[in-house]
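These are the residues of each chain, in order.
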Amino acid sequence: MTRINQFLCTFALLAMLLILIPIPESNAQSTTDADQPVQIFLPQISSGADPAQVADDEEMLNALEEDIPVDDASAIAAATGLTLTPRSYRTLRGTDGEQPVSALAQCDSPNTNLNSDWEKYLEFYTPGSTNYIGYRTYTFPANVDPATINSLQITANYKGAARADQRWIWRILDWQQRKWILLGDNRAAASWQWSTLTFNAGGTLANYVNPTNRQIRVRVQSVSTSDDMDLDCESIVFTTNTPTPTPTPTPNTWWRPVPNTGWQIQLQGAVNTSIDVQVYFIDLFDVPQSKIQQLQSQGRKVVCYFSAGSYENWRPDAGPFPSAVLGAPLDNWPGERWLDIRNLSALSPIMTARMDLAVSKGCDGIDPDNVDGYSNESGFPLTDQNQLTYNRWLAEQAHARGLAIGLKNDLEQIPQLVNDFDWALNEQCFQYNECNLLLPFVQAGKPVFGIEYSGNVNVFCPKANALNFDFLKKALELRVGRTDCRTIGATATPTPTSTPATTIPLQVLIPLYNYPTTWNSATYIWDDVAAANSIVPITAIINPSDGPNGGAPNSDYAQGLNDLRTGGVKILGYVYTSYGARDMNAVKTDIDLYATYYNINGIFLDEVASGSVQLAYYTELYNYIHSKPGFAQAVLNPGTNTAQGYISQPAGDVTIIFENDSGWPAYSPDAYVATYSANRFAMLAYNVANANTMQSYVNLARQRNIGYLYITDDGADGNPWDELPTYWSTLLSAVAQP
């Protein structure tokens, strides 16, 4: 071929490329010029072109066409969890730390000393005047049709500058359009703190899978050269519209126990079948099918235990758990780690296989453990909504297989989940003064099975029996030994087929708007409140300065808070809302400050509207509060009868429907109040002159389905919440009465 023909052919090829396959940046939404990152195009034939820019763009073009071999066996194995981790990475501009790509497979840097675990994350640098551009390559499973993808989510654990100082942008390659599609940026990240970023891809999801080599490319780039970044892990989670089918038995055919059902739980040692009870709780994996059949031949039901919220490295199915779903270790349980329950695509095949095993072994029900990861230090930013979604999915899958299912602990979500589960199984509610939270199950005609590992059976068993709970005292190892509370004071045991008219245990909700004078024992009352929690459950509302006072608590507040926590008191932070008129961001800022500095249990929203017009405002705040780790309760204070939507939506976990210095005897709650659990409602009364009147107020609270109250004779000075009532001890006794 002559030199001129070579030139013409080359020119023609470049012309075709320029016309047919441009690779511009493409955003799912419009952005301002300031938001536009560096653009990548095919090389232009121009005398004014920057040679370095052309070289980088040529490298990007070549990178799009290069073929990385696919390991089919590995790709198919990855499909088991529908979670993908990067197979390789490449830096096109800037530099990197040359760590292995395997570092991105596990989110572990926040729990390690980064100076000694340098290879557990990747570093991307912007040296000199060069910004960073690079991508990670994933291999899509060979046995999955890309056309069936119905969701695709990218999760990255990022550490670097805040967006205001350096913007890092994530994009995914659309192979059909030849465009990089915007996913998102580091907007949600804190400055130089490990932050989980989650991006949901839009558009035609199949286009992100190369039809030839099944590669997916995810790119990150810096907008400027001002700062570097670290990447601890990155993964793609996808779901398809062809899920594994589940059995569909005749509706409502699963076993449903009732209160006063005798039971035994034994998770270690050879199962002793001689206990005269109606139900056995045993380990799904360790107990052979023959033992289950033996129990059932004796007329007993069998519930099979497994952990649905944690990974246990000794289980026979431990292998399929992707490393990306493994979180922080469980305290005092070696080999066990919390699971990322948000990643249902990864966990679904494992958990449904366990339920199928329960069906094949003949179990009548299942006991999934550790379904309250959102309220523990799981290593993941789990929210209460994540937990609700996962727990309801477990219940749906169990019932679809004809299996009964119980809710293990997860007390704060009982109002939302009582209709989904067939019983509650609790550990240590008497030890922690939380038993009233379990009442919705008994009120619904469903049993509360419970275990105490310490305490005097002659103290807690009569209380359990009065509540119609089925409690045992067991050793922590859960072997054969047991004490059945129903045998203590058994003459008062109700019949098993009826739901008792249970007296609702009251709790104290105290506005503790008192400065903690820790240096003066005569005026310091926070320790008195802490001590009272051993008599009745107490929730205290703190109010440093019409909110969190702009930051961390001072030393006095720190000491007072520590005293309350030591006493087991639940603590809420005060935030005012001006009846829905206060700026939402200002309210959220106060919530953030409490979450960052105060180590409390939730938020008390004051000056709350009572009409439905502002319901969306408070629902957004409710969800925001519950998105904060450790925040399990949002209390609303409209102080009067309230639109039912605040309870049914919900916009709050507890609503104060009365706050006044008079009028409680004549007050009439809305009719719907009687249809909800008492722990959804509270009342506050002040300037109540004497103990006799206070006692009558407590009696009325019980009659009106109130679960929380505080009554005081304080208030003459204009602040009824800065001192304890003169009848404080009498109030505690009145509330503690069954």
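Residues numbered from 1 in each chain as written. Predicted model: local features only at pLDDT ≥ 70, side-chain atom pairs only at ≥ 80, totals over all residues. Heavy atoms only, no water.

Along the chain, the regular secondary structure elements total 16 helices and 32 strands. In the chain, 72% of the contacts between residues at least 6 apart in sequence involve partners at least 24 apart. As displayed, the chain has an accessible area near 30500 Å², and 50% of this comes from carbon and sulfur atoms. (Helix = DSSP H or I, 4+ residues; strand = E, 2+ residues; numbered from the N terminus. Contact = heavy atoms within 4.5 Å. Areas by Shrake-Rupley, 256 points an atom, 1.4 Å probe, with all protein chains shown as cover.)

Counted according to the given criterion, the structure contains three disulfides. Note on cysteine connectivity: Cys429 is disulfide-linked to Cys435, with sulfurs 1.9 Å apart. Of note, the bridge from Cys429 to Cys435 carries an S-S torsion of about 90° and is right-handed in sense. On the basis of relative accessibility, which here comes to 0%, the residue Cys429 falls in the buried class. Residue Cys435 is classed as buried on the basis of its relative accessible area of 7%. (Disulfide = S-S within 2.5 Å. Buried < 20%, exposed > 50% of the residue type's maximum accessible area, 1.4 Å probe, protein only.)

Another point: the sheet that holds strand β18 (residues 336-339). Strand order in the open sheet formed by three strands is β16-β18-β17, with antiparallel pairing between adjacent strands. Of all the strands in the sheet, the pair left with one neighbour each is β16 (310-312) and β17 (326-329). Pairwise comparison of adjacent strand axes, ignoring direction, gives a mean angle of 40° for this sheet. In terms of strand pairing, β16 meets β18 through three bridges, oriented antiparallel. (Pairing = 2+ DSSP bridges. Axes fitted to C-alpha atoms, helices over the stretch in contact; angles between N-to-C directions.)

Low pLDDT means the predicted atomic positions in that stretch should not be read closely. On average, residues of the chain score 83 in pLDDT, and 84% of them reach the 70 mark or higher. Considering only residues more than four positions removed or in separate chains, one finds that residues 1-81, a stretch of pLDDT under 50, has 116 contacts. Contacts from residues 111-116, a stretch scored under 50 in pLDDT, to residues over four places away or in other chains number six contacts. (pLDDT = per-residue confidence, 0-100.)

Bringing the packing of aromatic side chains into the picture now. Applying the stated rule across the entire model yields 34 aromatic pairs. Linked through ring pairs, Trp255, Trp263, Phe281, Trp423 and Phe449 together constitute an aromatic cluster. The ring of Tyr624 has Lys588 lying over it, and the distance from NZ or CZ to the ring centre is 4.9 Å. (Phe/Tyr/Trp six-rings, centres within 6.5 Å; stacked < 30°, edge-to-face > 60°. Lys NZ or Arg CZ within 6 Å of the ring centre and 35° of its normal.)

Further remarks concern the pattern of salt bridges. Per the stated rule, a full pass over the model turns up 19 salt bridges. Between Asp185 and Arg163 there is a salt bridge, with the nearest N and O atoms lying 2.6 Å from each other. With Asp185 in strand β9 (residues 179-185) and Arg163 in the loop between β7 (149-160) and β8 (168-174), this residue pair connects regions lying 22 residues apart in the sequence. Given the relative accessible area of 24%, Arg163 is considered partly exposed. Between Asp185 and Arg187 there is a salt bridge, and its shortest N-O distance comes to 4.0 Å. For Asp185, a relative accessible area of 7% corresponds to the buried category. In this structure Arg187 comes out as exposed when scored by relative accessible area, which is 59%. Each of Arg163, Arg167, Asp185 and Arg187 takes part in one network of salt bridges that share partners. (Salt bridge = Lys/Arg side-chain N within 4 Å of Asp/Glu carboxyl O.)

Side chains three or four residues apart in an α-helix point the same way, a direct result of the helix having 3.6 residues per turn. Taking 1.5 Å as the rise per residue, helix α5 (residues 344-361) with 18 residues should run 26 Å; its terminal C-alpha atoms sit 25 Å apart, in good agreement. Buried within α5 are the following residues: Ser345, Ala346, Leu347, Ile350, Met351, Thr352, Arg354, Met355, Ala358 and Lys361. Of the residues flanking the end of α5, it is Gly362, one or two places downstream, whose phi is positive at about 90°. (Expected span 1.5 Å × (residues − 1).)

For Asn260, which is not glycine, the phi torsion reads 70° and is therefore positive. Within the secondary structure layout, Asn260 lies in the loop between β12 (229-240) and β13 (263-265). Unlike most non-glycine residues, Asp410 shows phi in positive territory, near 45°. With respect to the helices and strands, Asp410 occurs in the loop between β20 (404-408) and α7 (414-417).

We now examine the pairing of β8. Among the seven residues of β8, seven are classified as buried, and the element is accordingly described as predominantly covered. Side-chain alternation along β8 places Trp168, Trp170, Ile172 and Asp174 on one buried face and Ile169, Arg171 and Leu173 on a second face that is also buried. Where β8 meets strand β11 (residues 215-222), five bridges bridge the pair, whose relative direction is antiparallel. The residue of β11 that forms the bridge with Arg171 is Arg219. Pairing analysis gives six bridges linking β8 to β9, with the strands arranged antiparallel. Within the sheet, the bridge partner assigned to Ile169 lies in β9 and is Asp185. Counting the residues between successive antiparallel strands, the hairpin from β8 to β9 contains four residues, one of them, Arg178, with a positive phi of roughly 60°.

We now examine the sheet that holds strand β14 (residues 279-283). Reading across from one edge, β13-β14-β15-β19-β20-β21-β22-β23-β24 is the order of the nine strands in this open sheet, with mixed pairing throughout. Two strands in the sheet have a free side with no partner beyond their single neighbour: β13 and β24 (483-484). Bridge analysis of strand β19 (residues 365-369) against β20 gives two bridges, and the strand direction is parallel. Considered in β20, the bridge of Gly365 is made with Ala404. Sheet contacts for helix α4 (residues 289-297): β14 and β15 (301-307); angle to β15, the most-contacted strand, approximately 145°.

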